Amino acid sequence: MTIVADGRPDGSFVHPALLYSGVQDYLAGTVPFVLEGLAAGDPVAVSVPRPNLDLLRAELGSAAERVRMLDMGEVGRNPGRILAEVLHAAADEHPDRHVRIIGEPIWPGRTELEYPACLQHEALINLAFRGRRVTILCPYDADGLDPAVLADAAQTHPELIERGTTRSSDAYAPDQAVARSNSPLPQPKSAAVFAFDAARLSAARHFARSEAQRAGLDELRLDDFVLAMGELAANSIRHGGGHGTLQVWTDDGLVVGEVRDNGRLGDPLVGRRRPDHARLNGRGLLMVHHLADLVRTYTGPEGTTTQVYLQL
């Protein structure tokens with residue numbers, strides 16, 4: 001797999017990282033981007049954490065009414081949702097026009113558990129939008145984020161913007177970022193375990209429900225958890241060798257469901273594309289990403305492990 005960001009705004013995809021320091025630097029790097037897009041007649045979307053969203057809305061004034069504005073803390077709480085539900089949702093409505101998007105998926109407060117999924121997302125943007133007439137500007141808080149995160153921004157973005165100056169990133173290597181994000185997943189000290197095959201698929205769903213109830217998952221989220229785990233188990237039967245293992249445990253205010261099988265996940269964008277309305281199948285992993293607060297996947301020599309996290 002080779003990930004390339006090619007072209008300029010007049011033709012195809014551009015993906016810079018904005019390394020900002022403080023409120024004024026943030027506004028200086030984002031507001032002109034929005035206003036220039038509106039002046040050119042480009043559709044513009046902004047998805048950033050709530051505090052920065054409020055800053056932009058206040059600074060843009062009435063112009064904000066012409067911008068799709070979303071709280072990334074809500075729509076992007078699971079980084080695996082962002083490509084399909086935020087970026088593609090904005091760009092695919094205008095396939096014949098240049099679209100501008102500000103997306104800020106990484107901010108101080110993202111957890112160590114979430115970060116590999118954020119890194120993977122930022123790298124995969126380059127593959128998902130290759131050749132598209134889309135510019136996606138990704139702000140990074142240079143004061144609040146760890147230097148290692150800023151180094152990763154240079155690896156996942158072909159261009160860096162800092163203090164009003166744009167330069168090419170000498171460290172740009174998104175393939176390496178994707179490889180690093182595909183790492184073995186954290187394992188519990190103890191968990192309830194259930195082995196399943198096609199004949200035991202229904203029993204696997206009942207097991208997931210019982211264990212999530214025992215963990216104290218809210219009734220409003222219980223169906224989400226069971227639906228997600230059932231879909232992963234069904235995928236194991238269809239694509240993972242016909243059988244698998246399901247585990248459920250709790251960790252730091254989260255209920256975690258894991259499905260492990262012998263399959264190989266060859267397409268890094270599976271579950272991250274908007275659905276093809278002409279097809280009824282192929283939407284399972286998309287639904288899993290939509291339902292969960294976090295999804296982590298690891299494909300190794302022995303198969304694929306997927307973990308689904310929901311807040312208790």
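Report on the accompanying structure. (Residues numbered from 1 in each chain as written. Predicted model: local features only at pLDDT ≥ 70, side-chain atom pairs only at ≥ 80, totals over all residues. Heavy atoms only, no water.)

Another point: the packing of aromatic side chains. Throughout the structure, instances matching the rule amount to three aromatic pairs. Between Y20 and Y26 the ring centres are 4.6 Å apart and the planes differ by 70°, which places this aromatic pair in the edge-to-face class. In this pair, the class of Y20 matches that of Y26, namely buried. For the pair F194 and F207, a centre-to-centre distance of 5.2 Å together with 25° between the ring planes defines the contact as stacked. Highlighted residues: F194 in strand 8 (residues 192–197) and F207 in helix 8 (residues 201–215), separated in sequence by 13 residues. For F194, a relative accessible area of 12% puts it in the buried group. (Phe/Tyr/Trp six-rings, centres within 6.5 Å; stacked < 30°, edge-to-face > 60°. Buried < 20%, exposed > 50% of the residue type's maximum accessible area, 1.4 Å probe, protein only. Helix = DSSP H or I, 4+ residues; strand = E, 2+ residues; numbered from the N terminus.)

Next up on the list: the packing of helix 8 against helix 9 (residues 219–239). Axes are the key here: two packed helices are described by the angle between their axes and the distance separating the axes. Following both chains from N to C, one finds helix 8 and helix 9 inclined at 145°, their axes separated by 9 Å at the closest point. As helix 8 runs across helix 9, the sense of the crossing is right-handed. For the pair helix 8 and helix 9, the contacting residues are L201, R205, A208, R209, A212 and Q213 in the first and E219, L222, D223, F225, V226, M229, G230, A233, A234 and I237 in the second. Among the residues forming the contact of helix 8 with helix 9, the class breakdown is ten nonpolar, two polar and four charged. (Axes fitted to C-alpha atoms, helices over the stretch in contact; angles between N-to-C directions. Left-handed = near helix turned anticlockwise from the far one by under 90°. Contact = heavy atoms within 4.5 Å. Nonpolar A, V, L, I, M, F, W, Y, C, P; charged D, E, K, R; others polar.)

Attention now goes to the pairing of strand 7 (residues 165–168). Within a regular beta strand, the side chains point alternately toward one face of the sheet and then the other, so they alternate between its two faces. With four bridges joining them, strand 6 (residues 159–162) and strand 7 adopt antiparallel strand pairing. Each bridged residue has a counterpart across the sheet, and for E162 the counterpart in strand 7 is T165. As consecutive antiparallel partners, strand 6 and strand 7 are separated by two residues, and within that stretch R163 has a phi angle of approximately 55°, a positive value. (Pairing = 2+ DSSP bridges.)

What follows concerns the nonpolar core. Note on soluble globular proteins: their nonpolar side chains tend to be buried together. One finds L83, L87, I101, F129, I136 and Y140 to be the most contacted residues of the largest nonpolar core, which totals 38 residues. Elements represented by at least two residues in this core include exactly strand 1 (16–20), helix 3 (72–75), helix 4 (82–91), strand 4 (99–103), helix 5 (115–128), strand 5 (134–141), helix 6 (147–156) and helix 7 (174–181). When residues no more than four places from it in sequence are discounted, the contact partners of L83 are H88, A89, H121, L124, I125, A128, F129, L269 and R272. In this structure, A212, M229, L232 and V259 belong to the second largest nonpolar core, which totals 26 residues. (Core = buried A, V, L, I, M, F, W, Y, C linked by side-chain atoms within 4.5 Å.)

Strand order in the open sheet formed by five strands is 8-9-10-12-11, with antiparallel pairing between adjacent strands. The two strands at the open ends of the sheet, each matched to only one other strand, are strand 8 and strand 11 (294–300). Between one strand axis and the next, the sheet turns by 15° as a mean value, whatever way the strands run. Both strand 11 and strand 12 (residues 303–311) contribute to a ladder of seven bridges, which runs antiparallel.

Moving on: the packing of helix 4 against helix 5. Where helix 4 contacts helix 5, the two axes come as close as 12 Å, and the packing angle between them is 55°. By the criterion of interaxial angle, the relationship of helix 4 to helix 5 is oblique. The chirality of how helix 4 crosses helix 5 is right-handed. Here I82, L83, L87 and H88 of helix 4 come into contact with helix 5, specifically with H121, L124, I125 and A128. Grouping the constituent residues of the contact of helix 4 with helix 5 by class yields six nonpolar, two polar and no charged. (Parallel < 35°, antiparallel > 145°, perpendicular 65-115°, else oblique.)

A few words now on the sheet that holds strand 4. The strand order 3-2-4-5-1-6-7 describes an open sheet built from seven strands, whose pairing is mixed. One side of each edge strand has no neighbouring strand; the edge strands of this open sheet are strand 3 (68–71) and strand 7. Neighbour-to-neighbour, the strand axes of this sheet turn through a mean angle of 20°, independent of strand direction. In this structure, strand 4 lies alongside strand 5, joined through four bridges in parallel fashion. Across the sheet, I102 pairs through a bridge with L137, a residue of strand 5. With respect to the sheet, helix 1 (residues 23–40) is in contact with strand 1, strand 2 (44–48), strand 4 and strand 5, its orientation differing from that of strand 4 by roughly 160°.

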